[in-house]
Amino acid sequence: MNNSLPPKPTSRPPEKDFTAGGIFDLAERPKGTTGDHDLDDRLKDLASTWVDDERKRDLVAGLLMTSLKIGRDNTGMGDLKMLHRAMREMRHANKVFQAYRHVRKVSVFGSARTRPGMPAYDSAEAFSQRMVDEGFMVITGAGDGIMGAAQRGAGREQSFGLNIRLPFEQSANDTIVGDEKLVTFNYFFTRKLSFVKEADAVALFPGGFGTMDEMFESITLMQTGKATILPVVLVDEPGGTYWSTFFAFVREHLYGHGLISQEDMSLIHITDNVDEAVRVITTFYKVFHSYRHVKERTVFRIKRKLTPAAVARLNTDFADILKAPLEQAIALPEEQNEEGISHLPRLVGTMKHGEYGRWRQLIDAINMAQVIPAKL
C-alpha cells in the first residue's frame, strides 16, 4: 500500500476552481461600496494590513463591505448567526484542504448503517485502499458504515472526514477521530460544498436518503455546467442490484419520458466490481488533466500532446458540440494564476454549453486518443 503523498509544491499552493473557471473569471476588484467612500478606503487599508497578497486585498475588502451591509440591512439575529457560522465553517474547511490541493481526491458516500463484514463494507474498504495506491486521498462523511470502511481502507494519513453535527449523537469513526483533517460542520450546505469543491472523483456505495442526495447533487451540478465534470462511479456489492435497479428507473422514467438525454447517462458509471470502479476513475485522468473556461473558449489541459490525426478525429466526432474546432496550444495568459500546470499541452476550442454528457464523452475520447510518443 502506498502511504506516501506527492511532495508539496514549492511555490504558492495551487488554486482550485470547481466551476472550471467561472469563479476565476469573476473580477478581482468586485464592484461594491458601503455608500461611504471614506469607509470604503478605510476597509481597503485594513485589508492591506492583514493580507500580504496584493491580488487578494480588494476581494477581502469586498467581503468586509458585504458584511457591514448585511448588518445594515436590518437582517435578523437568526440570519446573522447563520451567515457568520457558515462563513466560519467554509473558512476552516478551506484552510484544512489548502495544504493538500496538489493531491487528487475521491469523495466516498454510502450508508452509515452498513456493518463490518457486509459485502458493501468490504468493497468500500478495498476500493479506498486501491485509490490510495493510485495516489488519491479519500474524503468521507467521517461516520461509521461505508464511511468508516472507506476511511479504514484509505488510512488516517490519506483521508479527510467531513462530519456533521446532528441532534442525535454522531461521532467520527475511529480512523479519523482527533485528526487535523477532520472537519465538523453544523450545516449540510457548507459540508456538501466541500465534498464537491475538493473532489476529483465521486464514488457512491449503497445508502439511504443522504447518499442519494449527494449523488443527485453531484450529477445535477455537472449536468447544468455549475461544476467541473468528474468521474461518478456507483459501486454495488458483488452481485448486488441496488444501483442497477436505480439505473433501470432512470432509463425507464427519466430518459423514457424525455426528462434527461441519452448523453446525460454518460455522467455516471455503474459497477459491482472494485477493480472496474478504480479503473474508471484512473482512466479519466490517463491523458486528460482538467479543463477551464476562458471567456468564450474552453481549454482542455492534457498530459501529452495528441497526434494531428487524433485532433482531427475529435473535431469530426464531436462537431455537434464544437462552435470552433479544437486546436493544440500552450497555456493561455488567463491561466497564469494556476501554477504547476502551465507546462501542460492544451486543446483549445469553443464549445456548445448545455450538453455536458457529450462533454464527458469528449473527455473519454481524449483519453483514448493517440498521443505523440515522449522523447527518450
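Preceding this paragraph is the structure being described.
The rules behind these values
Residues numbered from 1 in each chain as written. Predicted model: local features only at pLDDT ≥ 70, side-chain atom pairs only at ≥ 80, totals over all residues. Heavy atoms only, no water. Patch = residues over 30% accessible without salt bridge, like charges linked within 9 Å, V, L, I, M, F, W, Y side chains within 5 Å. Areas by Shrake-Rupley, 256 points an atom, 1.4 Å probe, with all protein chains shown as cover. Salt bridge = Lys/Arg side-chain N within 4 Å of Asp/Glu carboxyl O. Buried < 20%, exposed > 50% of the residue type's maximum accessible area, 1.4 Å probe, protein only. Pairing = 2+ DSSP bridges. Helix = DSSP H or I, 4+ residues; strand = E, 2+ residues; numbered from the N terminus. Axes fitted to C-alpha atoms, helices over the stretch in contact; angles between N-to-C directions. Phe/Tyr/Trp six-rings, centres within 6.5 Å; stacked < 30°, edge-to-face > 60°. Contact = heavy atoms within 4.5 Å. Core = buried A, V, L, I, M, F, W, Y, C linked by side-chain atoms within 4.5 Å. 1 Å grid on protein atoms, 1.4 Å probe; cavity = no way out; pocket = protein on both sides within 12 Å on 5 of 7 lines; lining within 4 Å. Points joined across faces, edges and corners; volume = space filled by probe spheres on them. Nonpolar A, V, L, I, M, F, W, Y, C, P; charged D, E, K, R; others polar.

J.: It is not clear to me how a nonpolar patch on the surface should be interpreted in this structure. Could you clarify?
T.: Judged by side-chain polarity, Met82, Leu83 and Phe189 come together as a nonpolar surface patch covering roughly 260 Å² of accessible area. Among the residues examined, Met82 registers a relative accessible area of 32% and is labelled partly exposed.

J.: Is there a simple way to think about the sheet that holds strand 9 (residues 297-302) in this case?
T.: Within a beta sheet, neighbouring strands are joined by backbone hydrogen bonds and run either parallel or antiparallel to one another. One open sheet holds the four strands; their spatial order is 8-9-11-10, and the pairing between them is antiparallel. Either end of the sheet is taken by a strand with one partner, and the two such strands are strand 8 (288-294) and strand 10 (322-329). Taking the axes of each pair of neighbouring strands and ignoring which way they run, one obtains an average angle of 20 degrees across the sheet. As judged from the six bridges shared by strand 8 and strand 9, these two strands associate in the antiparallel manner. Paired with Ser290 across the bridge in strand 9 is Arg301.

J.: Just checking my understanding: could you explain the packing of aromatic side chains for this structure?
T.: Centre distance and the angle of the planes are the two values used to describe a pair of aromatic rings. Counted under the stated rule, the structure contains 17 aromatic pairs. With 4.4 Å between their ring centres and 25 degrees between their planes, Phe97 and Phe160 make a pair best called stacked. Here the residue Phe97 occupies a position in helix 3 (residues 77-98), and Phe160 occupies one in strand 3 (residues 159-164), the gap between them amounting to 63 residues. Relative accessible area serves as the criterion here: at 0%, Phe160 is assigned to the buried category.

J.: I tried to follow the sheet that holds strand 7 (residues 269-271) on my own but got confused; where do I start?
T.: In spatial order, the strands read 4-3-2-1-5-6-7; together these seven strands make up an open sheet with parallel pairing. Single-partner strands in this sheet number two, and they are strand 4 (182-185) and strand 7. Taking the axes of each pair of neighbouring strands and ignoring which way they run, one obtains an average angle of 20 degrees across the sheet. Across three bridges, strand 2 (residues 137-140) lies against strand 3 in parallel orientation. The residue bridging Thr140 from the neighbouring strand is Gly161, located in strand 3. Helix-sheet contacts for helix 6 (residues 188-197) involve strand 1 (105-109), strand 2, strand 3 and strand 4, and the interaxial angle to strand 3 is about 160 degrees. Together, strand 1, strand 5 (201-204) and strand 6 (232-235) form the strand contacts of helix 7 (residues 209-223), whose direction differs from that of strand 5 by roughly 150 degrees.

J.: How should I be thinking about unusual backbone geometry in this particular structure?
T.: Glycine aside, residues mostly have negative phi, and peptide bonds are mostly found in the trans state. Positive phi values are uncommon outside glycine, yet Ala142 reaches one of about 75 degrees. Residue class for Ala142 comes out buried when judged on its relative accessible area of 0%. Although it is not a glycine, Lys295 sits at a positive phi angle of roughly 55 degrees. Within the fold, Lys295 resides in the loop between strand 8 and strand 9.

J.: I keep staring at the nonpolar core and nothing clicks. Help me out?
T.: In a soluble, globular protein the nonpolar side chains are often hidden away together inside. Grouped together as the largest cluster of nonpolar side chains are 81 residues, with contacts concentrated most on Val106, Phe127 and Phe300. Apart from the residues lying within four places of it in its own chain, the contact partners of Val106 are Phe127, Met131, Phe136, Met137, Val138, Ile139, Ala201, Val202, Ala203 and Ile281.

J.: Sorry, what's going on with the layout of surface pockets here?
T.: Leftover empty space is mapped by rolling, across the atoms, a probe with the size of a water molecule. Its volume calculated, the largest pocket comes out at about 2100 Å³. Lining of the largest pocket is provided by 42 residues; of these, Lys56, Leu59, Val60, Leu63 and Asn94 occupy positions nearest its centre. Every element with two or more residues in the lining of the largest pocket is listed here: helix 1 (37-50), helix 2 (54-72), helix 3 and helix 6. Element by element, the count of residues in the lining of the largest pocket is highest for helix 2, at nine residues. Residue composition of the lining of the largest pocket, grouped by class: 20 nonpolar, eight polar and 14 charged.

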